[in-house]
Amino acid sequence: MVKVVKFGGSSLASAEQFKKVADIIHADEARRFVVPSAPGKRFDDDTKVTDMLYECYAAASKGKDYKSILQKIKDRYNEIISELGLSINLEKEFDIMEACFIGKAGRDYAASRGEHLNGMVLADYLGYEFIDAAEVIFFDDNGSFDADRTNEILAARLENVENAVIPGFYGSMPNDTIKTFSRGGSDVTGSIVAKAVRADLYENWTDVSGFLIADPRVIDNPKVIKTITYKELRELSYMGATVLHEDAIFPVRKEGIPINIKNTNAPDDEGTMIVESTSKKPDYTITGIAGKRGFTAVSIEKDMMNLELGFGRKILEVFEKNGLSFEHMPSGIDTMSIIVQQSEFEKTEQEVLAGIHRNTQPDSIEIESDIALIAVVGRGMKSTRGTAGRIFSALAHAHVNVKMIDQGSSELNIIIGVKDEDFEKALTAIYDIFVTARV
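Each value, and the rule that gives it
Residues numbered from 1 in each chain as written. Predicted model: local features only at pLDDT ≥ 70, side-chain atom pairs only at ≥ 80, totals over all residues. Heavy atoms only, no water. Pairing = 2+ DSSP bridges. Helix = DSSP H or I, 4+ residues; strand = E, 2+ residues; numbered from the N terminus. Axes fitted to C-alpha atoms, helices over the stretch in contact; angles between N-to-C directions. Buried < 20%, exposed > 50% of the residue type's maximum accessible area, 1.4 Å probe, protein only. Lys, Arg positive; Asp, Glu negative; His and termini not counted. Salt bridge = Lys/Arg side-chain N within 4 Å of Asp/Glu carboxyl O. Polar contact = N/O pair within 3.5 Å; in protein donor to acceptor, adjacent residues only side chain to side chain. Contact = heavy atoms within 4.5 Å. Disulfide = S-S within 2.5 Å. Expected span 1.5 Å × (residues − 1). Patch = residues over 30% accessible without salt bridge, like charges linked within 9 Å, V, L, I, M, F, W, Y side chains within 5 Å. Areas by Shrake-Rupley, 256 points an atom, 1.4 Å probe, with all protein chains shown as cover. Charge placed at Lys NZ, Arg CZ, Asp CG, Glu CD. Phe/Tyr/Trp six-rings, centres within 6.5 Å; stacked < 30°, edge-to-face > 60°. Lys NZ or Arg CZ within 6 Å of the ring centre and 35° of its normal. Parallel < 35°, antiparallel > 145°, perpendicular 65-115°, else oblique. Left-handed = near helix turned anticlockwise from the far one by under 90°. Nonpolar A, V, L, I, M, F, W, Y, C, P; charged D, E, K, R; others polar. 1 Å grid on protein atoms, 1.4 Å probe; cavity = no way out; pocket = protein on both sides within 12 Å on 5 of 7 lines; lining within 4 Å. Points joined across faces, edges and corners; volume = space filled by probe spheres on them.

### Description of the sheet that holds strand β13 (residues 335-341)
Point 1. Pairing is antiparallel in the open sheet, where 6 strands are placed in the order β12-β13-β11-β14-β16-β15. Each having just a single partner strand, β12 (326-328) and β15 (404-407) make up the two edges of the open sheet. Sheet twist, expressed as the average angle between the axes of neighbouring strands with direction ignored, equals 40 degrees.

So this is what it looks like as structure tokens:
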């Protein structure tokens, strides 16, 4: 059995955390390939190493004083090395990094050094081979991830390697400059490595014991999801649930490799299994609830619009020309509503309204701002009667007015629009009716 294990920044924030990580890895010989993040926060008011690197680069590249922040970065790594009793010396790496910062090597290069240096330290501590991600993770000339080339070279590089540490978050461009994934991209690297070695399992270790049914900032101590499908995770991630980087799903999904979200500080907890599909019945009718605030609904009304060929296309064309993507599009016989991000819409709202008038000559256009969208997701909803009724009953009981309803044909999710001010109340009411009521 082969496992790829990725550890987040909080899991590698200090020497104490490094020791926990090493114990986890050595407890299972199948954990052969390790993907580390840069050191995260050790306590609430601490600073992540990646943030310090950005700050240091900004100063050095502009000819300003950067020495003090660079020394803080050095101290952070040297403290870990000293407390682990290692003999590795990173001074040469720091010298190279400093020269590249002054030489304006780029923000991506600066950010990548956190993972690069942490990978070197972890490899030394574990006694594993260190493989620079720049040598095996590739982007094309446009800055897009080159999946085929990466998989071919990475698979060949790891074929005869027993154990290795491959730092997350970055790779290289054809001109050998460093390119990073978006923030949190070490999750993606772990998934890419899992695909390349055809792993049996990809373990993603973080500071929570799995994927939670609802946002813990809204719901007090929400239950953990034991098993979730890729489709369910995609729906929840899109609506703001952020335990796993969204792009990390695709490489392993194509190979049918499950992902296990685990807690470094509670390694015996089961965590959450993310799978392609499953026959396991979920504990609750719903799998999870997630939502986002800050949307605007643009409602267009015109008599007989359903008979007007191309009406919907003409409306969406206006949004496209103004650089706006839509979130949802609920409609009736003579009405159509376009849900868009409020912050983006406000930049071009008058151009959009004028364009709709020119293209379709509507009877009226109404705009409603400050809308929150809540996604209720679950494979169990398809086989359970009355799910929508229970949702709306719970919302009515909580005195929440529903502004919009949108349900996909797959019956995997129901999207509900409410006023921003009712967001937390609505989320709590839905959680209570499906989860708390079962306890």
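### Overview of the pairing of strand β10 (residues 272-275)
Point 1. Here strand β8 (residues 227-229) pairs with β10 via 3 bridges, running parallel. Bridge pairing links I228 to I274 in β10.
Point 2. In terms of strand pairing, strand β9 (residues 259-263) meets β10 through 3 bridges, oriented antiparallel. Considered in β10, the bridge of I259 is made with I274.

### Let's talk about the side chain of K262
Point 1. One can find K262 in strand β9.
Point 2. It turns out K262 is buried and unbridged, and the closest side chain with the opposite charge, E203, is 5.9 Å from it.
Point 3. Looking at K262, its side chain comes within polar contact range of the main-chain oxygen of D269, at 2.8 Å.
Point 4. Here K262 is in contact with N204, W205, T206, V208, P267, D269 and E270, once residues within four sequence places are set aside.

### Thoughts on the sheet that holds strand β2 (residues 31-36)
Point 1. One open sheet holds the 8 strands; their spatial order is β3-β4-β2-β1-β7-β9-β10-β8, and the pairing between them is mixed. Sheet topology places β3 (129-130) and β8 at the edges, where each strand pairs with a single neighbour.
Point 2. Contacts from helix α1 (residues 15-26) reach β1 (3-7), β2 and β7 (201-206) within the one sheet, and its direction differs from that of β1 by about 170 degrees.

### A short note on the state of the cysteines
Point 1. Tallying each qualifying case throughout the model produces 0 disulfides.
Point 2. Here C100 is not cross-linked by a disulfide; its sulfur's nearest cysteine counterpart is in C56, at 12 Å.
Point 3. According to the relative accessible area criterion, C100 is partly exposed, its value standing at 24%.

### Structural notes on helix α13 (residues 423-434)
Point 1. In this model, α13 (12 residues) spans 17 Å end to end at C-alpha, consistent with the 16 Å of a helix rising 1.5 Å per residue.
Point 2. Every buried residue of α13 is accounted for by F423, A426, L427, A429, I430, Y431 and F434.
Point 3. On the buried face of α13, the contacting elements are β11 (288-301), β14 (364-377), α12 (387-397) and β16 (413-419).

### Looking at a negative patch on the surface
Point 1. A contiguous patch of negative charge on the surface is contributed by E301, D303, D363 and E366.
Point 2. Relative to the helices and strands, D303 is located in the loop between β11 and α10 (311-321).

### Some remarks on the packing of aromatic side chains
Point 1. Throughout the structure, instances matching the rule amount to 7 aromatic pairs.
Point 2. A ring pair is formed by F101 and Y109, whose centres lie 6.2 Å apart and whose planes are at 90 degrees; its orientation type is edge-to-face.
Point 3. An aromatic cluster is present here, built from Y57, F101 and Y109 joined pairwise through their rings.
Point 4. The ring of Y170 carries the charged tip of R113 above its face, separated from the ring centre by 5.4 Å.
Point 5. The positively charged end of R149 is found above the aromatic ring belonging to F138, 3.9 Å away from the centroid.

### What about the environment of D75?
Point 1. Relative to the helices and strands, D75 is located in helix α3 (residues 67-84).
Point 2. As a C-alpha pair, D75 and S186 span 111 residues in sequence and 23 Å in three-dimensional space.

### So, the packing of α3 against helix α4 (residues 91-102)
Point 1. Across the interface, α3 lies against α4 with an axial gap of 12 Å and an inter-helix angle of 150 degrees. When the interaxial angle is binned, α3 and α4 end up roughly antiparallel. The crossing of α3 and α4 is right-handed. Of the residues in α4, those in contact with K67, L70, I73, K74, Y77 and N78 of α3 are E91, F94, M97 and E98.
Point 2. For the contact of α3 with α4, the per-class residue count stands at 5 nonpolar, 1 polar and 4 charged.

### What to know about the layout of surface pockets
Point 1. Put simply, the second largest pocket is a space of about 250 Å³.
Point 2. Lining the second largest pocket are 17 residues, with I225, K226, T227, D283 and R379 sitting closest to its centre.

### A few points about the pattern of salt bridges
Point 1. Counted under the stated rule, the structure contains 21 salt bridges.
Point 2. Put simply, K6 and D187 hold a salt bridge, and the shortest N to O gap is 2.9 Å. You can see K6 sitting in strand β1 and its partner D187 sitting in helix α7 (residues 186-196), a full 181 residues away along the chain. Each member of the pair K6 and D187 is classed as buried.
Point 3. Between D422 and K425 there is a salt bridge whose closest N-O contact spans 3.6 Å.
Point 4. What makes K425 partly exposed here is its relative accessible area of 39%.
Point 5. One continuous salt-bridge network, built from bridges that share partners, spans K3, D28, R31 and E203.

### Section: unusual backbone geometry
For residues besides glycine, phi is generally negative; the peptide bonds are generally trans as well.
Point 1. Phi at Q361 takes a positive value of approximately 45 degrees, unusual for a residue other than glycine.
Point 2. Here Q361 is to be found in the loop between α11 (342-360) and β14.
Point 3. For D370, which is not glycine, the phi dihedral falls at a positive 55 degrees.
Point 4. Secondary-structure assignment places D370 in strand β14.

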